[in-house]
Each structure stands twice: as structure tokens, then as C-alpha cells.
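Below are the chains, spelled out letter by letter.
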Amino acid sequence: MHRHQVRHTRICFFLLSVLLVLTGCAQTPLTETVDQSNQEVAAGQGGNLHYQNLVLPVSNCIVFNSAAGELSLAAQDGSNMVALSDAIGNTPIFADDWLFYTQGATGDYLMKINLDGSNQVRIGRTPLKYMVIHRNRIYAIESGKGAVISLATDGTDRRLLVDFQAVALALSGDRLFISGANAADGVVMVDLSSGETSWLLRQRVCSLNVSGDWIYFADPDNYFQLTAYSIANEVKTALGPTGLEKPFIVSCGYLYFIDPSNLNRLYRYRLAGSSSLDNQAKELVIDDAVGSFAICQPFVYYRRPASERIYRVNQDGSDKMRIT
């Protein structure tokens, strides 16, 4: 068989594999918000960013890094997996039929690729983290100096949003939330429609999460106590639990967190605005050591510490299965 025939056969096999994965996957851009009654941010734009979107849902499929270190696409249970890239992909986001990600262990290059593995293009060289996308612009933190920037989806037209060092981003509707490295910078809200910027808090925060008109965070200056802030009423309330040093994720009325004092198991609390959690027992979700995780309704995906394997459980921790 001639060399060009071998190459043609390999391409056809790859495309056939991708078609099997994409069967039944309506490619709905993840920039849309879900049911407003849940006051929930679209998957990949909220607390999952603290773990670089370990698993990114794209309609009925998932994007993740395989145990072999390849950016991959598969069904939700990990079946029919195909490698989109032979390198690691960090903080993947998806919009308008394109998957955007930073490539390699250090995320040196900004890439985009179609979900069938075609048209892979390098569109930037600055390492980025906390990437989100809104109305055909990418928003991210430059890893080196912590600058918050926006880019066109071809990597051009770089714009600086704030002049301080940022540590995290969260996107909710048309509002981008930025937490700074210093107390004086605090938490800033940027209205992406009008460009208006307003300071909400003047303090350091950890695990920035936004759910509707509420910001949830751990206060590093008060034993990492869980704290809620009402955007509408400008009121801050301590909710009770302390020791939330590892990044947590708020999703559909629950706060999911890793508890280092309990062998890094994953637990959750039910959240309701600024209601105290002092009298609420934490609920065990994953009876296993968790190093990183992602909430992709109706599932929780996670990795053990120092492991490349990804597991999936239901929201209540049942039906555990290995994905990679």
C-alpha cells in the first residue's frame, strides 16, 4: 500500500471514530446560561475554572485529558474516546464549533481546534489561565503577571481590563468577576455589555464562585471561612464553616468541597443565599481521596491526588466508574 493510501486510511478511521462520538451531540455553545431558576452559570464558566475545567461538557460529550496526556473527546461515560491533540490541553472552552485551550503542561500556546480534530491553529503564545468566552471574545488571566485581558477568537486585538494582579475569574451572564491578589484590589465586577467596572469587595478572597446575585468565597484572613456576598444588597455574611483552603465549586444550590481533615474526601453543603450552615451536617459525596474535580450536571468527575485517572460519580456519589 502506498504511503498516501496509508495516510488516507488513517484519516478516514479517525473521522469515523469522531462521528461515533458526536452522534447525538448537538453542539450547543457553552456560553449560554442554563435554567435561570437555578441561578446557575454555564458549565465551564464558573467554579470548575479553579481546576482548569478538568472535564468540559459539550452537549452530550465531554472533553478532557486522557491518562496518556492527550486532549480527548468522548461520550459522558468515557466510551468512544478519540484524541483531538497529542498534547495536554488546559482550561478548555467551547463556542461556535471551536474548542479553545492552552497547550502543554505549562500552557505556553493558545490553540483552537474543531471537535472533529481538524483545523488545529495556534492563535497565541502567552500562557493563560481561567479562560472564559463571551460574545466572540476570550477573557483570561495571563499566568506571568496576572493581567486580565480579552482577545478576539483569532488571538488578535488584545485588551487589558484591569491594572492589578488577578488570581481568578468567574463569568455570569454579561458580568465578569475578577478577584485580585491583594486586599486593595478585592473583587471587581465588569459589565461586558456596557464596559462599566465596579468594586464589590476590598479584601482578599479564595475560591471565587458566582451563583445568581450571590458571590461565595473562602476568607483567607479568617481561617478560610465560607462567606456570602449579596451583589444586590451589598451585604457580606459569614456562613459558618471554616478551613475551606482547597478550591470549592458552587453548582445548582450546593457547595462541593474537598476536606483535607477527612482524607481529602469530597463533601457538599446545601446553599440558600446567606443562610447559616452551622446547624447543617455536611454530606459525603465521594468516599475517596480527591485531588481535583469538576461538576458537570448530573455528574461529578474527579481525579485522585497524583493520578491521571478520571472517575465519574452521580451527584450523590453513587455509581462510580472510571473514565480514563
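Above: the structure in question.
As a starting point, this report considers the structure included with it. (Residues numbered from 1 in each chain as written. Predicted model: local features only at pLDDT ≥ 70, side-chain atom pairs only at ≥ 80, totals over all residues. Heavy atoms only, no water.)

**Digging into the overall build of the protein**
Then, in step 1: Scanning the protein from N- to C-terminus turns up one helix and 28 strands.
Then, in step 2: For the protein, the proportion of contacts with a sequence separation of at least 24, taken over those separated by at least 6, is 37%.
Then, in step 3: As presented, the protein carries roughly 14,700 Å² of accessible surface, and 47% of it is formed by carbon and sulfur atoms. (Helix = DSSP H or I, 4+ residues; strand = E, 2+ residues; numbered from the N terminus. Contact = heavy atoms within 4.5 Å. Areas by Shrake-Rupley, 256 points an atom, 1.4 Å probe, with all protein chains shown as cover.)

**Considerations on the layout of surface pockets**
Then, in step 1: Its boundaries defined by the atoms lining it, the second largest pocket holds a volume of some 350 Å³.
Then, in step 2: Gln52, Leu54, Asn65, Asn90 and Arg303 are, among the 21 residues lining the second largest pocket, the residues nearest its centre.
Then, in step 3: Among the elements of the structure, strand 2 (61–65) and strand 5 (89–95) are those that each provide at least two residues to the lining of the second largest pocket.
Then, in step 4: Element by element, the count of residues in the lining of the second largest pocket is highest for strand 5, at four residues.
Then, in step 5: Each residue belonging to the lining of the second largest pocket can be placed in one class, and the counts come to eight nonpolar, 11 polar and two charged. (1 Å grid on protein atoms, 1.4 Å probe; cavity = no way out; pocket = protein on both sides within 12 Å on 5 of 7 lines; lining within 4 Å. Points joined across faces, edges and corners; volume = space filled by probe spheres on them. Nonpolar A, V, L, I, M, F, W, Y, C, P; charged D, E, K, R; others polar.)

**Some remarks on the packing of aromatic side chains**
Then, in step 1: Counted under the stated rule, the structure contains eight aromatic pairs.
Then, in step 2: When the ring of phenylalanine 164 is compared with that of tryptophan 199, the centres are 6.2 Å apart and the planes differ by 55 degrees; the resulting orientation is tilted. In this pair, phenylalanine 164 sits in the loop between strand 12 (159–160) and strand 13 (166–172) while tryptophan 199 sits in strand 16 (residues 197–201), placing the two residues 35 residues apart along the sequence.
Then, in step 3: Owing to a relative accessible area of 8%, phenylalanine 164 belongs among the buried residues under this scheme.
Then, in step 4: Seen from their ring centres, tryptophan 214 and tyrosine 216 are 6.5 Å apart, and the 25 degrees between their planes marks the pair as stacked.
Then, in step 5: Overall, the relative accessible area of 24% leaves tryptophan 214 in the partly exposed class.
Then, in step 6: Taken together through their ring pairs, the aromatic side chains of Phe257, Tyr267 and Tyr269 make up a single cluster.
Then, in step 7: Its end group placed over the ring of tryptophan 98, lysine 112 keeps NZ or CZ at 4.4 Å from the ring centre.
Then, in step 8: Positioned over the ring face of tyrosine 311 is lysine 320, at 4.9 Å from the centre of the ring. (Phe/Tyr/Trp six-rings, centres within 6.5 Å; stacked < 30°, edge-to-face > 60°. Buried < 20%, exposed > 50% of the residue type's maximum accessible area, 1.4 Å probe, protein only. Lys NZ or Arg CZ within 6 Å of the ring centre and 35° of its normal.)

**Notes on the pattern of salt bridges**
For side chains of opposite charge, pairing can occur when their charged atoms come near one another.
Then, in step 1: Counted under the stated rule, the structure contains 12 salt bridges.
Then, in step 2: When salt bridges that share partners are traced, they join Arg137, Asp157 and Arg159 into one network. (Salt bridge = Lys/Arg side-chain N within 4 Å of Asp/Glu carboxyl O.)

**A closer look at the side chain of asparagine 209**
Then, in step 1: In this fold, asparagine 209 is placed in strand 17 (residues 206–211).
Then, in step 2: For asparagine 209, a relative accessible area of 2% translates into the label buried.
Then, in step 3: Separated by 2.9 Å, the side chain of asparagine 209 and the backbone nitrogen of valine 250 make a polar contact.
Then, in step 4: When near neighbours in sequence (up to four residues on either side) are disregarded, asparagine 209 contacts Gly47, His50, Trp214, Ile215, Tyr216, Phe248, Ile249 and Val250. (Polar contact = N/O pair within 3.5 Å; in protein donor to acceptor, adjacent residues only side chain to side chain.)

**Quick look at the pairing of strand 5**
Then, in step 1: Most of strand 5 sits out of view: seven of its seven residues are buried.
Then, in step 2: Summarising the sheet, strand 5 and strand 6 (residues 98–103) pair through five bridges and their orientation is antiparallel. Bridging across to strand 6, alanine 95 finds its partner in tryptophan 98.
Then, in step 3: Here strand 5 folds back onto strand 6, and the loop between the two strands holds two residues, one of which, aspartate 96, carries a positive phi near 50 degrees. (Pairing = 2+ DSSP bridges.)

**Let's talk about the sheet that holds strand 4 (residues 82–83)**
Then, in step 1: Strands sit in the order 1-2-3-4 across an open sheet of four strands; the sheet is antiparallel. Looking along the sheet, the strands with just one partner apiece sit at the ends: strand 1 (55–58) and strand 4.
Then, in step 2: By the bridge criterion, four bridges tie strand 1 to strand 2 in an arrangement that is antiparallel. Within the sheet, the bridge partner assigned to valine 55 lies in strand 2 and is phenylalanine 64.

**Considerations on unusual backbone geometry**
Then, in step 1: Cis geometry is found at the peptide bond from glutamine 297 to proline 298, where omega equals 5 degrees.
Then, in step 2: By the secondary structure assignment, proline 298 is in the loop between strand 25 (292–296) and strand 26 (299–303).
Then, in step 3: At aspartate 97, a residue that is not glycine, the phi angle is positive and equals roughly 70 degrees.
Then, in step 4: With respect to the helices and strands, the residue aspartate 97 is situated in the loop between strand 5 and strand 6.
Then, in step 5: Using a relative accessible area of 41% as the deciding quantity, one classes aspartate 97 as partly exposed.

Purely geometric numbers; function is a separate question.
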